[in-house]
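# Report on the structure
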Amino acid sequence: TSSWTFLISSHLLHLNSLLVRFTDLKFMATNDLMTELQKDSIKLDDDSERKVVRMILKLLEDKNGEVQNLAVKCLGPLVSKVKEYQVETIVDTLCTNMLSDKEQLRDISSIGLKTVIGELPPASSGSALAASVCKKITGRLTSAIAKQEDVSVQLEALDIMADMLCLLVNFHPSILSCLLPQLTSPRLAVRKRTIMALGHLVMSCGNLVFIDLIEHLLAELGRNDNMSTTRTYIQCTAAISRQAGHRIGEYLEKIIPLVVKFCNVDDDELREYCIQAFESFVRRCPKEVYPHVPTVISICLRYLTYDPNYNFDDEDEDDNAMDAEQNDEDYQGSDDEYSDDDDMSWKVRRAAAKCLDAVVSTRHEMLPEFYRSVSPALVCRFKEREENVKADVFHAYLSLLKQTRPAQSCSVNVSPSQVPMIVKALHKQLKEKSVKTRQCCFNMLTELVNVLPGALTAHIPVLIPGIIFSLNDKSSSSNLKIDALSCLHVIMVTHPAHAFHAHVPSLVPPVVACVGDPFYKITSEALLVTQQLVKVIRPLDSQPEAADSFDPSPYINDLFTCTIKRLKAADIDQEVKERAISCMGQIICNLGDRLPAELPGTLLIFLERLKNEITRLTTVKALTLIAGSPLKIDLRPVLPDAVPILASFLRKNQRALKLCTLAALDILLRNYSSAVTPVMVDAVLAELPPLISESDMHVSQMALSFLSTLAVTHPSSLGQLSGGNILQQLIALVRSPLLQGGALAAMLDFYQALVATETSGLGYMDLLRMLTGPVYSQSAALPHKQAYCSIAKCVAALTRACPDEGPAVVGQFIQDVKNSRSTDSIRLLALLSLGEVGHHVDLSSQPELKTVILDAFSSSSEEVKSAASYALGSIAVGNLPEYLPFVLQEISSSKRQYLLLHSLKEIISSASVSGLKPYVESVWTLLLKHCECQEEGTRNVVAECLGKLTLIDPETLLPRLKGYLLSGSSYARSSVVTAVKFTISDQPQPIDPLLKNCIGDFLKTLEDPDLNVRRVALVTFNSAAHNKPSLIRELLDSVLPQLYNETKVRKELIREVEMGPFKHTVDDGLDLRKAAFECMYTLLDSCLDRLDIFVFLNHVEDGLKDHYDIKMLTFLMLARLSSLCPSAVLQRLDRLVEPLRATCTTKVKANSVKQEFEKQDELKRSAMRAVVALLTIPEAEKSPLMSEFQSQISSNQELAAIFDSIQRDSSSANMESMDTS
């Protein structure tokens, strides 16, 4: 400390002696002082503090501006280094200087105060410094604002006040009483700054201050003394709504009628402010403004066309809209003749367009209404003469289209009947001089095509000239050309090729010119269009007669020449390189047969690009495209060089490259097998073993597909597999618990292809031994049951490929199951293999099979029992007439119903519909006998069977299911409701329309007197909401009240159970509440637009105080809601913070068991995650309660640590999502 003190003292002495003398030395000394103050390690004793503060305040009055500026910069680091009373001295002096007569001193002091305020520690950090400093500033500033005649001082003071209010100071009443009179100041600038300060004030002030402010505004608006102040009060109301919409909502009933009244006053400025106020209400108070939305829309539609000083000749315009260019010239000319500087009506129109934008962006549920009323009105105004207004009209229509895009299960579409009207309006604008207008048109067309792909087919002839105009126009900016090309690309991708054939002659020259453009972004976009053009002029997927009708030959040379020039260039942008490669790939794929001379040279360039790390991935994709071309392009010249390079890519640590390379090698093998030599194949095989592993199933799947192709094209190459690594890797993969789906299917294909090659050492029995050997060697059971299932599937695949070997192997498996010396593992594998083989091969010729399997039902091992049950069902699928009656007979007479019902479930799930049809009635009757079973496990299997059976003949069986809802047995009702769950899947099905009509009847069981029936009804509802929301969207109005009803804690369901000396409370309603909250969580994702978020939040709030499981769910919901509807959450923030705080501050009793501590820890972490999510809402930390809770977190070491770690996790997760996107 002493050395610092000495250093600082020497600086000060130096400064003191310089104060009298040289300015530049003074400047340097001040600079040195600032550098020292910025070091974290600096410590000052009291005397040095006093001297430094005095010196810097003295320098603020220096005559030299640069020295003053440096002194102000010293204030920032100084505030955090000196004691509190010194900060107060600084503030005091600065406030006094603010009132000085010298303008320069006032300005510098004002900057000084802002610097000090910016450096104060926030209240949430627990420091009291901010509060005491702000109190001092407030006292001085309020008097300065109130008394001062000098407007510039007032303006500075108001500015500082706004900065200070961001710090959450809490003596607002005096500030409010100081600010309100300034709203009537004769100077508009003062009013404007006052409104800004009030905006900051309402974010954090207490409720009483807020009520005072609103009541003052309402009273003044009611009095309406003069227009000028009324305008200010309306502006102020809009500002409050923008900053604190969550607080003003409850007053809208009083405010909106006043604003509507002022809209009718003939004063354009006032109208503009009124409509801006509506916009902020619509965006910030969604619930409270809801009843007034129709009024707001009608006012906006009225003022959207408000142009009193200009007369559009509508009829004339409509008649000639599609005429030749001279009309456009006249139309353009009118702009120059008309000039009226006093005309403010455009501001009203702009406000109306922005307000409509807000309405369509926030009220998704009104889309059909918007397309009826708002859409035509906006389209009519595309002819708006003021460019800024026109841009906003376009933007509003874009918002409408974007609202239509969400992939909701029942999205509203633009009525195709409106497309001609939109195109007609845009056609004229596409030839406008204004670049901004044309850009808006291209954005509109792009969005329109995204919403309605293919809708412009009939209008292509009208639109293409407009697009070409922008590409050829000398005055077009680069961005406009890029937008035009991008729009053209989207239209070409989403419309049939024949629609463009007539326009190819006029499209090719401008596109080719753009490919040659010096600006890389234009070139890049033009290459995308060229690639699409190639598909248009010679579509390979169309019928032969359609392809012959258009002759591509006149254009091939131009397209090839412009692309090859870009392909050869080495010194161009990365994106252009990649797109030139893709484009040339497409040209060769679609037109290669017309370019015999150019082909060999171009392929050599591809070979060069393949060797370059930056372009290799794109080149592999292009080669894959060419190799798959139906034109059979001759790739033989490059294969000897290309295949070894491709093989080397398989060892690169770049997943996308591996996947694309495997796809390329696969298609080269298929289409060019004669040119691929054994040496090339060996090079690839050497790289394969590391790729076949459970660590990346997709890469494994592609490698297996390649091997299957190889078995067909080069069977002789597989001889080397027998002793090699590849087979070991394959066997290891078969035993992996992760093998499923596509990778498993590829594995089965490979085994069938491999055994068909009849390679020595890889015959049927060799492969069978490799697969089943470890199980029979008795060494150890495989770690996962999934491995047995995969081995069994492979055995069945081999047996299907070699039917002659089947009977002997099946006989052996039957003996293995019978043999008393077999281990459970052997029995398990034998039964699963019998099931898999029997699924595809009729095993009815094996007389012992039924008894052997039924005996296995008595095994002591649960896994063997369940394998036997699966095997019986699977074998039955192979021969239904033989086995299904036997299974039904056994279910009726046997005691082992649970296992037999599982067999029946397997039959219903896997057998063909036509095969099952004759047995539906007998199966149905049998199932009904068991749906009232006491055992819940059995009932669940019966329900699944009933549901899957219903899918076979929904017209007959769904009404029957519905009939059983009236059953007197609660077990039967719960089985029926669960059965419905199994008829719902996320894919479209024939039962859907029938289900939609009657799912409401099944959901009426939400009112069932039996708890369990209500619970399964909620589970079924959840399944529908998750997999097929369209089934339940229309029913939400009637279902939601019952759903919310189930979230309440019911005292009558809580009972006490005595366990020895202890009493334990059991809540029978917990599972029901949990199911209800799970449904609520699902609805957030699938039906958000149908929920009243405020009612929803009421129940979330109750859940925050409920049992552990439900708290965990509601914390998740809060985090989800914070991102989905932040403004609604903000309105309820104070009520949500309290239960979160309670959770975080709850202490577990010291003598509790370890699980209690762990549970409480997990709760705290989840609650903190919700807090972090809430703080992502911009205004959340301005809430007094939230701010208080934050300071509580930062002052508690344990909570602060949890909070920090969660914040770090969430920010790193965001970074990762950005990386992967």
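Residues numbered from 1 in each chain as written. Predicted model: local features only at pLDDT ≥ 70, side-chain atom pairs only at ≥ 80, totals over all residues. Heavy atoms only, no water.

### Quick look at the overall build of the chain
From N to C terminus, the chain includes 62 helices and two strands. Its C-alpha atoms put the chain at 115 × 95 × 75 Å along the principal axes. Counted over contacts in the chain with a minimum sequence separation of 6, partners at least 24 positions apart contribute 75%. Counting only carbon and sulfur atoms, one obtains 52% of the accessible surface of the chain, whose full area is about 52,800 Å². (Helix = DSSP H or I, 4+ residues; strand = E, 2+ residues; numbered from the N terminus. Contact = heavy atoms within 4.5 Å. Areas by Shrake-Rupley, 256 points an atom, 1.4 Å probe, with all protein chains shown as cover.)

### Looking at the state of the cysteines
Taken as a whole and judged by the stated rule, the model has zero disulfides. No disulfide involves Cys355; its sulfur sits 3.5 Å from that of Cys300, the nearest cysteine. You can call Cys355 buried: its relative accessible area is 0%. Just so you know, Cys1079 is unpaired, no disulfide at all, and the nearest cysteine sulfur is the one on Cys1087, 11 Å from it. (Disulfide = S-S within 2.5 Å. Buried < 20%, exposed > 50% of the residue type's maximum accessible area, 1.4 Å probe, protein only.)

### Some words on the packing of aromatic side chains
Scanning the model with the defined rule gives eight aromatic pairs in all. Note on Phe550 and Tyr555: the rings are 6.1 Å apart at their centroids and 5 degrees apart in plane angle, and the pair reads as stacked. Between Phe750 and Tyr751, the ring centres sit 6.1 Å apart and the planes meet at 50 degrees, which makes this aromatic pair tilted. On the accessibility criterion, Phe750 (0% relative accessible area) is buried. A residue is classified by how much of its surface remains accessible, and Tyr751, at 1% relative accessible area, is buried. Of the aromatic side chains, those joined through ring pairs into one cluster are Phe382, Phe394 and Tyr397. (Phe/Tyr/Trp six-rings, centres within 6.5 Å; stacked < 30°, edge-to-face > 60°.)

### Comments concerning the pairing of strand β1 (residues 1054–1059)
In terms of burial, β1 is a largely surface element, zero of the six residues being buried. Examined bridge by bridge, β1 and strand β2 (residues 1062–1067) share six bridges and lie antiparallel to one another. The residue of β2 that forms the bridge with Met1059 is Phe1062. (Pairing = 2+ DSSP bridges.)

### Regarding the packing of helix α46 (residues 897–910) against helix α49 (residues 936–950)
Relative orientation of the contacting elements α46 and α49 amounts to 20 degrees, with a least axis distance of 9 Å. Taken as axis vectors, α46 and α49 run roughly parallel relative to one another. For the element pair α46 and α49, the recorded crossing hand is left-handed. Contacts between α46 and α49 involve Tyr898, Leu901, His902, Leu904, Lys905, Ile908 and Ser909 on the former and, on the latter, Gly937, Thr938, Val941, Val942, Glu944, Cys945, Lys948 and Leu949. Here the contact of α46 with α49 is composed, by residue class, of eight nonpolar, four polar and three charged. (Axes fitted to C-alpha atoms, helices over the stretch in contact; angles between N-to-C directions. Parallel < 35°, antiparallel > 145°, perpendicular 65-115°, else oblique. Left-handed = near helix turned anticlockwise from the far one by under 90°. Nonpolar A, V, L, I, M, F, W, Y, C, P; charged D, E, K, R; others polar.)

### Here we look at the nonpolar core
Within the largest apolar cluster, 414 residues are counted, with the highest numbers of intra-cluster contacts made by Phe382, Tyr397, Leu688, Tyr751, Ile1032 and Leu1083. No other element matches the ten residues that helix α38 (residues 741–756) contributes to this core. Once you skip the residues sitting within four places of it in the chain, Phe382 turns out to touch Lys390, Val393, Phe394, Tyr397, Ile422, Ala425, Leu426, Gln429 and Met444. (Core = buried A, V, L, I, M, F, W, Y, C linked by side-chain atoms within 4.5 Å.)

### Considerations on the UniProt feature "domain: TATA-binding protein interacting (TIP20)" (unreviewed entry) in the chain
If you check UniProt for "domain: TATA-binding protein interacting (TIP20)" (unreviewed entry), the listed places come out as residues 1031–1193 in our numbering. A helix fraction of 64% and a strand fraction of 7% characterise residues 1031–1193, whose end C-alpha atoms lie 45 Å from each other. (UniProt positions renumbered as here; feature names shortened; annotations may be inferred.)

### Some points on helix α4 (residues 65–79)
The terminal C-alpha atoms of α4 lie 22 Å apart, and with 15 residues this matches the ideal 21 Å at 1.5 Å per residue to within 8%. Counting buried residues in α4 gives eleven out of 15 residues, a clear majority hidden from the surface. Within α4, the full set of buried residues consists of Val67, Gln68, Leu70, Ala71, Val72, Cys74, Leu75, Gly76, Pro77, Leu78 and Val79. (Expected span 1.5 Å × (residues − 1).)

### Some words on the confidence of the model for the chain
For the chain, per-residue confidence averages 81 on the pLDDT scale, and residues scoring 70 or more make up 91% of the total. Within the model, the stretch residues 315–339 combines pLDDT values under 50 with 26 contacts to residues more than four positions away or in other chains. When the criterion is pLDDT under 50, residues 1215–1221 qualifies, and its contacts beyond four places in sequence or with other chains add up to zero contacts. (pLDDT = per-residue confidence, 0-100.)

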